[in-house]
Amino acid sequence: MPSPPLARPAALLPRNCTFTPSDWAALAAFWHPVCFSSDIGGPRPFAATLLDEKLVLYRAGGRVVAAKDICIHRGVPLSFGRVEGEEVVCAYHGFRYGAGGQCVKIPAQPDLAIPKKLCLQTVLAEEKYGVVWVCLAGEPRQPLPSWPELDDPRLMQMKMAAGIWKCSAARHTENFNDLAHLSFVHVGTFGNPDRPEVPRYDVEVGPEGMHFEADYDRHSIEDFGRKGPVEHIHYTYDLTFPFYTRLRICFGRDRNFVAYNLPSPASARETNVLFRLTRDFDLDKPEDSSIALQNQVISEDRPFVEAQRPEELPLDLSEEFHIRADRFSTCYRHALVGFGLGGEFAS
Ligand code: FES
Ligand SMILES: [Fe+2]
């Protein structure tokens, strides 16, 4: 008789967890993006890491299955295996798993009645906006972001994987929502060195996210990335806790570019940076130019964000110096504390 799978309490930390136990528990309660829908469907199951938990993802029964990347037979990563139809086949002894992570075949003992309990340790997974979202806790503390434009076929819909950054997701998010760096870090693209002052702005903090708006006189970007004349733009930032920002850049009537920044926390110091992008202009032109420019812009941010120390966002405001322009970040840090982040080492 096979032994039933070992039950592991949901709250048990992943091996070699880089988060404090209390930070891990607080973050595990949120939805996080782990990959694009299009990443799943190849001949191999997809491997991802979220909050130090190694996951395997495949599609079966009309939905994405996300599970801990461990075959319950002998502990080999299931991501070593292959996908056959709606089943994933372990590379070691060929156990097959299907919808819901259920084991459906044991080749070495084909006449064995497979107990229902012989099932991968699955976690919650949803596909929305062409992105696969995972929640490691049994019950997400808030719904997925509401970004209906990402399903709007009238817009140019784009996606972009910007690689694994050596930073915390919170540092990345704070930089993405930071106004004062634009005239310094981005002088190679749109940044306007003659416009360093950040006008006063208000930040609205709600239970599920934050909102603020700001104007900026930036340089336009001409063909081939050349800096063009100064143009007036309006930024609208909408953050969904804990890390996911919709940034709408309005260049004028009917000219909106929107970047959805999805920094997935692989560990406390590594972040898998994904973007969805839309635009409502130049619909007859290829998407490449927007993606190339977005890549160019964030490559200006990257060395700064990766060099920040400590890697973790200091949630105790006395640890860094804050000015009026940092209104977003002081509110953001305060909100993260409210979710239980930055608590001292609970165990
Ligand atoms: S370890 Fe996967 S089938 Fe044996
Ligand atoms: Fe930036």
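Use the structure listed above.
Here goes a summary of the coordinates provided. As the structure is a computational prediction, the values presented were derived from the model and not from experiment.

### What about the sheet that holds strand β2 (residues 46–50)?
If you walk across this open sheet you meet the six strands as β1-β10-β9-β4-β3-β2, and the pairing is antiparallel. Taken across any chain shown, the strands that pair with only one partner, and hence form the sheet edges, are β1 (32–36) and β2. Going across the sheet, the axis of each strand differs from the next one's by a mean of 35 degrees, ignoring polarity. Bridge count between β2 and strand β3 (residues 53–60): five bridges; the pairing is antiparallel. Along β3, the bridge assignment pairs Thr49 with Lys54.

### Topic: the pattern of salt bridges
The full count for this structure, using the stated rule, is 18 salt bridges. Residue Glu231 is joined to Arg218 by a salt bridge in which the shortest nitrogen-to-oxygen separation is 3.4 Å. In this pair, Glu231 sits in strand β14 (residues 227–240) while Arg218 sits in strand β13 (residues 209–221), placing the two residues 13 residues apart along the sequence. A salt bridge links Glu320 to Arg333, with the nearest nitrogen and oxygen atoms 2.9 Å apart. Of this pair, Glu320 sits in the loop between α4 (288–307) and α5 (327–338) while Arg333 sits in helix α5, and the two are 13 residues apart along the sequence. Using a relative accessible area of 28% as the deciding quantity, one classes Glu320 as partly exposed. Three or more residues are tied together by salt bridges with common partners; here these are Arg82, Glu84, Glu87 and Arg96.

### Examining α5
Given a rise of 1.5 Å per residue, twelve residues ought to cover 16 Å, and the 17 Å separating the end C-alpha atoms of α5 matches this to within 8%. For α5, the elements touching its buried residues are α2 (169–176), β12 (203–205), β13 and β14.

### Topic: empty space enclosed by the protein
Overall, the coordinates contain three cavities of 30 Å³ or more when judged by the stated rule. One number sums up the size of the largest cavity: a volume of about 60 Å³. In terms of lining, the largest cavity is formed by Leu179, Ala180, Leu182, Ser183, Arg195, Pro196, Glu197, Val198, Pro199, Ala214, Asp215 and Tyr216. Among the secondary structure elements, those contributing two or more residues to the lining of the largest cavity are α3 (182–185) and β13. Looking at which element gives the most residues to the lining of the largest cavity, the answer is β13, with three residues. A class-by-class count of the residues in the lining of the largest cavity yields eight nonpolar, one polar and three charged. In terms of lining, the second largest cavity is formed by Phe30, Trp31, Trp133, Gln142, Pro143, Pro145, Thr240, Phe241 and Tyr244. Its residues assigned to classes, the lining of the second largest cavity comprises seven nonpolar, two polar and no charged. Both domain 1 (29–135) and domain 2 (148–338) contribute no fewer than three residues apiece to the lining of the second largest cavity.

Procedures and definitions
- Residues numbered from 1 in each chain as written.
- Chains lettered and ligands numbered in written order.
- Predicted model: local features only at pLDDT ≥ 70, side-chain atom pairs only at ≥ 80, totals over all residues.
- Heavy atoms only, no water.
- Pairing = 2+ DSSP bridges.
- Helix = DSSP H or I, 4+ residues; strand = E, 2+ residues; numbered from the N terminus.
- Axes fitted to C-alpha atoms, helices over the stretch in contact; angles between N-to-C directions.
- Salt bridge = Lys/Arg side-chain N within 4 Å of Asp/Glu carboxyl O.
- Buried < 20%, exposed > 50% of the residue type's maximum accessible area, 1.4 Å probe, protein only.
- Expected span 1.5 Å × (residues − 1).
- Contact = heavy atoms within 4.5 Å.
- 1 Å grid on protein atoms, 1.4 Å probe; cavity = no way out; pocket = protein on both sides within 12 Å on 5 of 7 lines; lining within 4 Å.
- Points joined across faces, edges and corners; volume = space filled by probe spheres on them.
- Nonpolar A, V, L, I, M, F, W, Y, C, P; charged D, E, K, R; others polar.
- Domains from an automatic or database assignment.

What is shown is where atoms sit, not what they do.
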